[in-house]
Amino acid sequence: MKAHSGAWVAWVLLGLGGPLRAAAQEPTLQVARLAGEVQLDGLPDETAWRIADSLTALTQREPTSGAPATERTVVRFLAAPGGLYVGLWAYDREPGSIRHAQLRRDADFSSDDSFSLLLDPQRDRRSGYLFSVNPNGAMFDSEVRGADDDNPDWDGVWDARARIGPDGWTAELFIPWQTLRYRPGELAWGMNLRRYIRQQNEEVLWRGWMRQQGLLFQQEEGTLTGLDNLPRRRLLELRPYFLASGSRSERAPLPSGQDSVTAAGSTDLKTGLDAKLALAPTMTLDLTANTDFAQVDADRQVVNLTRFPLFFPEKRPFFLEGSGTFDFGQAERNTLFYSRRIGLDNTGSAVPLVTGVRLQGRVGRERLGLLATRTGGDEDAWDLVARVKHDVLSRGYAGLMGTLQHLPGRPARLAAGADFQLPMLVGGQNLVFSAFGAGTRDRAGGAVSTAWRLFLDYPNDWSDDFLAVSRIEAGYDPALGFVRERGILRHTGAFRLSPRPGILGIRKLDFTFLEWDVTKQLDGSLSHSSFEMRPVGAEFESGDAFEFNLQRTVDVPDLDFEIFPGSTIPAGRYQFDRAEVQLTTSPGRAVSAELVASVGDFYDGTSRELSPRVDLRVAPHVITALEYTVQAVRRPGGDFTAREARLRFDVAASPRFNTTLFLQWENESDRISINARLHWTPAPGSDAYLVWSSAWPTGLDQGIRWSRPLRGTLIGKLNYYFRI
């Protein structure tokens, strides 16, 4: 017992002491001072770049952890009065092999070569900003919001240019001081950087190059020095918008094949304002008035072949920025705050957002968040969310959160909870323990219903395992949250092994011994369960991958439910076994593909499912993605075939001018919809949009009546950004 206790104490000390060792060995890079400006053209050839310190020592994380980078990389920094300049020289002995398909802002760079910079201005090793650029000068950014976690929906005001040359590619980034949050008098920031070379599927980093680490592993970040005498943040940032829209009459199809007008067409002129007020260097008050989200991408149309509600991600900018502050619970299953409960009804249609206030930032060891909104229309509600996180140990936190919704003529609905997360290094490996508990009541003095979850995670390269248990009472109902199912006790877990044999071009094998989800009613009876084994899976050095899965599902619905129009599953107990194959080719190819195919039992019958996706990339202007899903179900209660189809077509003239056409269809609602968007960025922070949306019924005897859509809307919108 004493030996085992000593071993555990040593492991815990290693976990807590890891950050101290990292800090002691932390490398530094000096920023050079620049009196004027440099021309942002993607070619860092000004004299000022030559006097700056060079960072060149990058190390492979993939494919060979610890080996030197196969290509030379040079990075330099210049501090100007207006912001931070970053110069990149990404040498390549085969410049014709450089991948550069993406041009759209915040596109998926997994198909391209890229360079990423992590800045930690508050040097707390748990927050910061990520800026990425590809050889086209396309930009991607995100906000680091916790241990190995970032929010890619954050959009900062910055700029970048890049060029491909005979020796590789170069880039220049400019990040205004105003975009960042830092304490006055701070002389050094945390920093890390990464380069991805797509042809070799090679990832190289300055720090954190071990496989269980990575760019967001801030315990291993280096230091950027020479940042003295930085300017204070401007007091106010403003983004007024102006919008003009016109809509056709809305129609509803009739059984006869004709249609009826349900709402007359209209035209509208609208204006509103978003503002940021710098209350302190690390604290921001956001204000929005008469808010509009016309430019937001349309939701995906999905055929739901389960008896549970679907979770749709948030896409509206006001709720996306700083969203990590308000995370509480288990994503997509049980969250105390789900921002789509504000300003959207149950069908996803917009409810007017009259005004909104959001306060967020850091004070000492506390990260604070406060959100208050007023919605109009038929809802006429006040909504309030408050959040605080206190730093614990090197990367963890303990937090509290509360929500309130007040509707006219109804009692206020309250919810509150506490949570913590403790990421540690144990023997050099990641170990994360987290938990939350929350309660709700529908009126003051009413009964409290509770929910809780315990979670233990071991997210590492050679093995990625977890164990969790959660309980949700039947009356638990957060007014501003999302709960997939209530009145349950749920056990989940997985044991996986990922060896690296180093033969036959295999980068990593993937074995899942067992992954399970057992959900019971609170009386002990089974609600549903699923089990999956992966006898074999592999990722190749080429970027291709495959996996073969065996699945068993048990479902015990206590009520009949319609799974598809005209097909009802009776209450009862069902057990079905399935086999699944997934194939993926490297996204670095001009044409890449994904395929998921499965066959087996399905409730009281059988089903065959096929889901192919093909991506075509013509560098650097055109990207086409085509998805199709078909599931043919044969059962005594009624055969049916569920189908979904999506086409996305991106054409970009430059990183600041692009168009997108998104077409989708599914045969549950028998509707085809189109969302077309033109986006121009005349200057960083300012945007112009032209958006057209329309939809038509399908499955009619006379075919699609293109001249009589169910709806049609054309919107022009201009956002203008300036600082005071």
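Residues numbered from 1 in each chain as written. Predicted model: local features only at pLDDT ≥ 70, side-chain atom pairs only at ≥ 80, totals over all residues. Heavy atoms only, no water.

**Concerning the overall build of the protein chain**
Across its full length, the protein chain carries 3 helices and 47 strands. Projected onto the principal axes, the alpha-carbon positions of the protein chain cover approximately 75 × 75 × 60 Å. The burial tally for the protein chain puts 51% of its 724 residues in the buried class. Considering only residue pairs separated by 6 or more positions, the protein chain has 58% of its internal contacts joining residues 24 or more positions apart. For the protein chain, the exposed surface amounts to about 31900 Å²; the carbon and sulfur share of it is 58%. Computing the positive centroid from 82 side-chain charges and the negative centroid from 90, the protein chain places the two 2 Å apart. (Helix = DSSP H or I, 4+ residues; strand = E, 2+ residues; numbered from the N terminus. Buried < 20%, exposed > 50% of the residue type's maximum accessible area, 1.4 Å probe, protein only. Contact = heavy atoms within 4.5 Å. Areas by Shrake-Rupley, 256 points an atom, 1.4 Å probe, with all protein chains shown as cover. Lys, Arg positive; Asp, Glu negative; His and termini not counted. Charge placed at Lys NZ, Arg CZ, Asp CG, Glu CD.)

**Overview of unusual backbone geometry**
In this chain, E62 is followed by P63 through a cis amide linkage whose omega measures 0°. Within the fold, P63 resides in the loop between strand 3 (59–62) and strand 4 (73–79). Despite not being glycine, R125 shows a phi value in the positive range, around 60°. Under the relative-accessibility criterion, R125 is labelled buried at 16%. Positioned with a positive phi, D670 is a non-glycine residue whose angle comes to about 50°. With respect to the secondary-structure elements, D670 resides in the loop between strand 43 (657–666) and strand 44 (671–683).

**Regarding the nonpolar core**
Of all hydrophobic cores here, the largest spans 38 residues; its most connected members are F77, F115, L119, F131, W169, M191 and L224. Of all the elements in the fold, those that place two or more residues in this core are strand 4, strand 5 (83–91), strand 6 (114–120), strand 7 (128–133), strand 10 (159–165), strand 11 (168–176) and strand 12 (188–197). Of all hydrophobic cores here, the second largest spans 20 residues; its members include F318, F328, A438 and V483. (Core = buried A, V, L, I, M, F, W, Y, C linked by side-chain atoms within 4.5 Å.)

**Here's the deal with the side chain of S127**
Examined against the element boundaries, S127 turns out to sit in the loop between strand 6 and strand 7. Overall, S127 belongs to the buried group, its relative accessible area being 10%. There is a polar contact of 2.8 Å between the side chain of S127 and the side chain of D124. Once residues lying within four places of it in the same chain are set aside, the contact partners of S127 are L119, D120, V144 and Q218. (Polar contact = N/O pair within 3.5 Å; in protein donor to acceptor, adjacent residues only side chain to side chain.)

**So, the pairing of strand 18 (residues 266–280)**
Taken together, the 12 bridges between strand 15 (residues 236–247) and strand 18 define a ladder with antiparallel strand orientation. The residue of strand 18 that forms the bridge with R239 is D274. (Pairing = 2+ DSSP bridges.)

**Brief notes about the sheet that holds strand 4**
The strand order 2-4-5-11-10 describes an open sheet built from 5 strands, whose pairing is mixed. Two strands close off the open sheet at either side, each with one partner strand: strand 2 (32–33) and strand 10.

**Notes on the packing of aromatic side chains**
According to the stated counting rule, one finds 29 aromatic pairs in the structure shown. Each ring, one from F293 and one from F319, has its centre 6.4 Å from the other, and the planes form 45°; the classification is tilted. Here the residue F293 occupies a position in the loop between strand 19 (283–291) and helix 3 (317–320), and F319 occupies one in helix 3, the gap between them amounting to 26 residues. By relative accessible area, which is 7% here, F319 ends up buried. Taken together, F561, Y574, F576, F602 and Y603 form an aromatic cluster joined through their ring pairs. Across the ring face of F318, the terminal group of R358 is positioned such that the distance to the ring centre comes to 4.7 Å. Directly above the ring of F662 sits R648, whose terminal nitrogen or CZ lies 5.8 Å from the centroid. (Phe/Tyr/Trp six-rings, centres within 6.5 Å; stacked < 30°, edge-to-face > 60°. Lys NZ or Arg CZ within 6 Å of the ring centre and 35° of its normal.)

**Concerning the environment of G605**
Inspection of the secondary structure assignment puts G605 in strand 40 (residues 605–618). Sequence separation between G605 and V633 is 28 residues; the distance between their C-alpha atoms is 7.2 Å. Dropping the residues within four chain positions of it, G605 is found in contact with R634 and R635.

**Quick word on the pairing of strand 36 (residues 561–564)**
Within a regular strand, side chains alternate between the sheet's two faces. Looking at chain direction, strand 36 and strand 37 (residues 567–569) are connected through 3 bridges and run antiparallel. Paired with F561 across the strands is I569, a residue of strand 37. Where strand 36 folds back on strand 37, the antiparallel hairpin that results is connected by 2 residues, among which G566 adopts a positive phi of roughly 90°.

**So, the sheet that holds strand 20 (residues 329–330)**
Pairing in this open sheet of 3 strands is antiparallel, and the strands run 20-21-30 from one edge to the other. Across the chains shown, the open sheet's two edge strands, defined by having one partner strand only, are strand 20 and strand 30 (482–483). In this sheet, strand 21 (residues 334–335) lies alongside strand 20 in antiparallel orientation, the contact comprising 2 bridges. Its bridge partner being in strand 21, Q330 is matched across the sheet by N334.

**Some points on the pattern of salt bridges**
Side chains that differ in sign of charge can pair as their charged atoms come close. Under the definition given, this model contains 54 salt bridges. Of the charged contacts in the structure, one is a salt bridge between R534 and D510, with a shortest N-O distance of 2.7 Å. With R534 in strand 34 (residues 526–540) and D510 in the loop between strand 32 (506–509) and strand 33 (511–521), the pair connects residues that are 24 residues apart, well separated along the chain. Salt-bridge contacts for D544 lead to R589; the nearest nitrogen and oxygen are separated by 2.5 Å. With D544 in the loop between strand 34 and strand 35 (545–555) and R589 in the loop between strand 38 (574–584) and strand 39 (591–602), the pair connects residues that are 45 residues apart, well separated along the chain. Here D544 falls in the buried class, since its relative accessible area comes to 19%. We classify R589 as partly exposed; its relative accessible area is 36%. Several salt bridges converge on common partners, so that one network encompasses E62, R211, D461, R500, R507, K508 and E541. (Salt bridge = Lys/Arg side-chain N within 4 Å of Asp/Glu carboxyl O.)

**A word on a nonpolar patch on the surface**
Among the surface-exposed residues, F433, W452, L454, L456, L467, F495, F513, L514, M533 and L550 lie close enough to one another that they form a single nonpolar patch of about 840 Å² accessible area. For the nonpolar patch, the secondary structure elements donating two or more residues are strand 28 (449–459) and strand 33. As for its placement among the helices and strands, W452 is situated in strand 28. (Patch = residues over 30% accessible without salt bridge, like charges linked within 9 Å, V, L, I, M, F, W, Y side chains within 5 Å.)

**Topic: the environment of A438**
With respect to the helices and strands, the residue A438 is situated in strand 27 (residues 429–441). What makes A438 buried here is its relative accessible area of 6%. Along the sequence, A438 and F548 sit 110 residues apart, while their C-alpha atoms lie 38 Å from each other. Each residue touching A438, except ones within four places of it in the same chain, is listed here: F328, L336, A416, G417, S449, T450, A451 and Y476.

**A short note on the environment of L187**
Tracing the backbone shows L187 in the loop between strand 11 and strand 12. As a C-alpha pair, L187 and P253 span 66 residues in sequence and 66 Å in three-dimensional space. Leave out the neighbours within four places in its chain, and L187 touches L224, T225, G226, L227 and D228.

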